[in-house]
Amino acid sequence: MSSSPAQAAAGGPASIRKVYNKEKAKAGGVWHTHIAAVNAAGVLTPIIEDDADHVTFGYSVQKLAVATAVMDKIDRGELTLGTKLDLPADIILGGSGIYHLHRVWGDEITVGNFLTAMLLVSDNTAVRMCGRVVPALEINEILAAKGFVHTRVIPVANPNRFYLGTTTPREMHDLLWRLATKTLLKPESCDFLLSVTRWLNGYHDGVRRVMSSKERERVATKYGADFNDLGESRHEAGIMFSADGVPLLTYAMFAEGLGEPENYGATHPAVQAHAKIGRVLFDSLPVVTPAARSAVPRSLPKSFHPVSGG
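Predicted model only: the values in this text are computed from it and were never measured. (Residues numbered from 1 in each chain as written. Predicted model: local features only at pLDDT ≥ 70, side-chain atom pairs only at ≥ 80, totals over all residues. Heavy atoms only, no water.)

## Notes on the pattern of salt bridges
- As enumerated under the stated definition, the model contains 15 salt bridges in all.
- Across the pair Asp86 and Arg132 runs a salt bridge, and its minimum N-O distance is 2.6 Å. Taken together, the residues span a long stretch of sequence, with Asp86 in strand 4 (residues 84-86) and Arg132 in helix 4 (residues 124-133) at a distance of 46 residues.
- Residue Arg132 is classed as partly exposed on the basis of its relative accessible area of 32%.
- Salt-bridge contacts for Asp191 lead to Lys182; the nearest nitrogen and oxygen are separated by 2.9 Å. (Salt bridge = Lys/Arg side-chain N within 4 Å of Asp/Glu carboxyl O. Helix = DSSP H or I, 4+ residues; strand = E, 2+ residues; numbered from the N terminus. Buried < 20%, exposed > 50% of the residue type's maximum accessible area, 1.4 Å probe, protein only.)

Below, the structure written as structure tokens:
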């Protein structure tokens, strides 16, 4: 299924651009995309910059920014992954996630618990839990302090609630690259977020669809879907790693003005496009020199070993 390193190096950016343009045209809508990969010397270089500074609603991709703000507060010693909060019935939201399926509530859960739920299964209730420990205005202050100009949540009257807000493909690329190179947060905080977004029980309909389990664990990804006045939106952003954990490629694909409302599955044309693009991205991962490889911090997931429960 995947090509050899020599084939990947030979295909590279030209193959990525060809498949991206073909699948974008086929899916329709309006796309805003940033894709970049390291070159042979290990320098990150843009491959596709398609209206990459367009400010758009990130929808659930924005949960990466929310998680970043929570982890920043942990880095400053004002919170821990083990801090517990109650999970009351009046905070429960439907849609994507797991907490609304419980039918009974009142548990005490850790920050680590709801961050995992928010990033792995895009739990909407978890967003409200984040707002309880980092209010909306503080989230925006943290993001601004980290140099993000357009990546913001939208505050409401309740300071602990917010809408997920806006970002740009370029800023999401920046967030992902700094996360992978351990410069966005403390190294252990970066590792935590990457371990969740690379885990095999996460989102598979898009970029990771046509990949083996070993390939999937080399891709950290976050999906977002909703609609606005233009039509349907289907977004996906992530980062791909070498087999030994070196970050090699980032992608941030935001598509809006699409058709097929209420189709949030793998058959949506834009999600099908993500799968085709994801395969060529992975097959075109660059080969870098040992010197360049040693210059970039590695990120290794825990090994995945499926087991049957008793």
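## Points about a positive patch on the surface
- A cluster of basic residues, Lys18, Lys22, Lys26 and Lys276, forms a positive patch on the protein surface.
- Residue contributions to the positive patch peak at three residues, all from helix 1 (residues 5-27).
- Position of Lys26 relative to the elements: it lies in helix 1.
- Lys26 gets classed as exposed once you look at its relative accessible area, which sits at 61%. (Patch = residues over 30% accessible without salt bridge, like charges linked within 9 Å, V, L, I, M, F, W, Y side chains within 5 Å. Areas by Shrake-Rupley, 256 points an atom, 1.4 Å probe, with all protein chains shown as cover. Lys, Arg positive; Asp, Glu negative; His and termini not counted. Charge placed at Lys NZ, Arg CZ, Asp CG, Glu CD.)

## With respect to the sheet that holds strand 2 (residues 44-50)
- Pairing is antiparallel in the open sheet, where five strands are placed in the order 2-1-10-9-8. The sheet is open, and its two edges are formed by strand 2 and strand 8 (219-228), each paired on a single side. Each strand of the sheet is rotated relative to its neighbour by a mean of 5°, with strand direction disregarded.
- Pairing geometry for strand 9 (residues 231-241) and strand 10 (residues 247-258), over nine bridges, is antiparallel. Note on strand 10: the bridge partner recorded for Arg234 is Ala255. (Pairing = 2+ DSSP bridges. Axes fitted to C-alpha atoms, helices over the stretch in contact; angles between N-to-C directions.)

## Details of the packing of helix 3 (residues 111-120) against helix 4
- At a minimum axis distance of 9 Å, the contact between helix 3 and helix 4 shows a crossing angle of 135°. Relative to helix 4, helix 3 is oriented oblique. The element helix 3 and its partner helix 4 pack so that their crossing is left-handed. On the side of helix 3, the interface is formed by Phe114, Leu115 and Met118, while helix 4 contributes Ala126, Val127, Met129, Cys130 and Val133.
- Residue composition of the contact of helix 3 with helix 4, by class: eight nonpolar, no polar and no charged. (Parallel < 35°, antiparallel > 145°, perpendicular 65-115°, else oblique. Left-handed = near helix turned anticlockwise from the far one by under 90°. Contact = heavy atoms within 4.5 Å. Nonpolar A, V, L, I, M, F, W, Y, C, P; charged D, E, K, R; others polar.)

## Quick notes on unusual backbone geometry
- A positive phi is found at Asp51, a non-glycine position, where the angle reads about 55°.
- Here Asp51 shows up in the loop between strand 2 and strand 3 (56-57).
- In this structure, Glu262 takes a positive phi of about 70° despite not being glycine.
- Residue placement: Glu262 occurs in the loop between strand 10 and helix 9 (269-283).

## Quick notes on the confidence of the model for the chain
- Across the chain, the average pLDDT comes to 92, with 92% of residues at 70 or higher.
- Taken as a whole, residues 1-10 scores under 50 in pLDDT and shows 13 contacts with residues more than four places along the chain or in a different chain.
- Low pLDDT (under 50) marks residues 305-310, which in the prediction has zero contacts with non-local residues, meaning those over four places away or in another chain. (pLDDT = per-residue confidence, 0-100.)

## Regarding the environment of Asp229
- Residue position: Asp229 is located in the loop between strand 8 and strand 9.
- Judged by its relative accessible area of 84%, Asp229 is exposed.
- Sequence separation of Asp229 and Arg216 is 13 residues, and the distance between their C-alpha atoms is 34 Å.

## Details of the environment of His150
- Its location among the elements puts His150 in the loop between helix 5 (136-145) and strand 6 (152-155).
- Under the relative-accessibility criterion, His150 is labelled partly exposed at 35%.
- If sequence neighbours within four positions are ignored, His150 has contacts with Val55, Thr166, Thr167, Thr168 and Glu171.

## A word on the pairing of strand 10
- The buried fraction of strand 10 is high, at eleven of twelve residues.
- Sheet topology places strand 1 (residues 30-38) next to strand 10; eight bridges connect them, and they run antiparallel. By the bridge assignment for strand 10, Ala36 is matched with Thr250.
- Remark: five residues form the turn of the hairpin made by strand 9 and strand 10, two consecutive strands paired antiparallel; Gly245 in that turn has positive phi of roughly 90°.

## Thoughts on the sheet that holds strand 6
- An order of 3-7-6 is seen for the three strands of this open sheet, with the pairing classed as antiparallel. At either margin of the open sheet sits one strand with a lone partner, and together these are strand 3 and strand 6.
- Two elements, strand 3 and strand 7 (residues 162-167), share two bridges in a ladder whose sense is antiparallel. Across the sheet, residue Phe57 finds its bridge partner in strand 7, namely Thr166.
- Helix 5 rests against strand 6 and strand 7 of the sheet, and its axis sits at about 155° to strand 6.

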